[in-house]
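A closer look at the structure
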Amino acid sequence: MATDYDAPRKNDEDNEQDSIQELQARRSDKSSGVVDEDETEAAEGFELPGADLSGEELAVRVLPRQADEFTCSSCFLVHHRSQLAYEKQGQMICTECAA
C-alpha cells in the first residue's frame, strides 16, 4: 500500500472524536450485534462420524473415463492427460504422485 507522506496528518484529538462518533453511530444501530441464525437449523447440516447413512440416497451422476483422461496407477484417481508425468510398462503416473 502506498503512503502519501505529504498528506496532512490527524492529531490525537481528531482520532478520539472520530472514534467517539463511530461508537455512537454503532450504539444507535440496534441490529449490528444481532445474529439471525437458528441453532437447530445449523445443527441439522452436521453429520457425526459413524452415523447410520443406510437410508440416505446419493444423487451423483458418474461419468465414465473420457478419451483424454487416464487413471493413475499410484493414487487411482482419474486425471486429464495434461497431468501425465510418465508411463512405465503400461502404468501411468500422474504429476502429483511423481513429485
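Notes on the structure follow. (Residues numbered from 1 in each chain as written. Predicted model: local features only at pLDDT ≥ 70, side-chain atom pairs only at ≥ 80, totals over all residues. Heavy atoms only, no water.)

1. So, the side chain of His79
Assignment of secondary structure puts His79 in strand E2 (residues 78-80). Polar contacts involving the side chain of His79 include one to the side chain of Gln83, which spans 2.7 Å. Discounting residues that sit within four places of it in the chain, His79 has contacts with Asp68, Glu69, Phe70, Cys72, Cys94 and Glu96. (Helix = DSSP H or I, 4+ residues; strand = E, 2+ residues; numbered from the N terminus. Polar contact = N/O pair within 3.5 Å; in protein donor to acceptor, adjacent residues only side chain to side chain. Contact = heavy atoms within 4.5 Å.)

2. A word on a negative patch on the surface
Taken together, the side chains of Glu37, Asp38, Glu39, Glu41 and Glu44 define an acidic patch exposed on the protein surface. As for its position among the elements, Glu44 is in helix H2 (residues 39-44). For Glu44, a relative accessible area of 62% gives the class exposed. (Patch = residues over 30% accessible without salt bridge, like charges linked within 9 Å, V, L, I, M, F, W, Y side chains within 5 Å. Areas by Shrake-Rupley, 256 points an atom, 1.4 Å probe, with all protein chains shown as cover. Salt bridge = Lys/Arg side-chain N within 4 Å of Asp/Glu carboxyl O. Lys, Arg positive; Asp, Glu negative; His and termini not counted. Charge placed at Lys NZ, Arg CZ, Asp CG, Glu CD. Buried < 20%, exposed > 50% of the residue type's maximum accessible area, 1.4 Å probe, protein only.)

3. What about the pairing of strand E4 (residues 91-94)?
Here strand E3 (residues 84-88) pairs with E4 via 4 bridges, running antiparallel. Directly across from Leu84, in E4, lies its bridge partner Cys94. Taking the residues between adjacent antiparallel strands as the criterion, E3 and E4 are bridged by 2 residues, where Gln89 takes a positive phi near 55°. (Pairing = 2+ DSSP bridges.)

4. Observations concerning a nonpolar patch on the surface
Taken together, Leu58, Val60 and Val62 make up a surface patch of nonpolar side chains, about 380 Å² in accessible area. With respect to the helices and strands, Leu58 occurs in the loop between H2 and strand E1 (69-71). We classify Leu58 as exposed; its relative accessible area is 75%.

5. A word on unusual backbone geometry
The phi angle of most residues is negative, glycine excepted, and most peptide bonds adopt the trans form. The phi angle at Phe76 is positive, at roughly 60°, despite the residue not being glycine. With respect to the helices, strands and loops of the structure, Phe76 is situated in the loop between E1 and E2. Located in the positive-phi region is Gln89, a residue other than glycine, with phi close to 55°.

6. A few points about the state of the cysteines
Taken as a whole and assessed by the stated rule, the structure comprises 0 disulfides. Looking at the unpaired Cys72, the closest cysteine sulfur is the one in Cys75, lying at 3.7 Å. By relative accessible area, Cys75 is classed as partly exposed at 27%. (Disulfide = S-S within 2.5 Å.)

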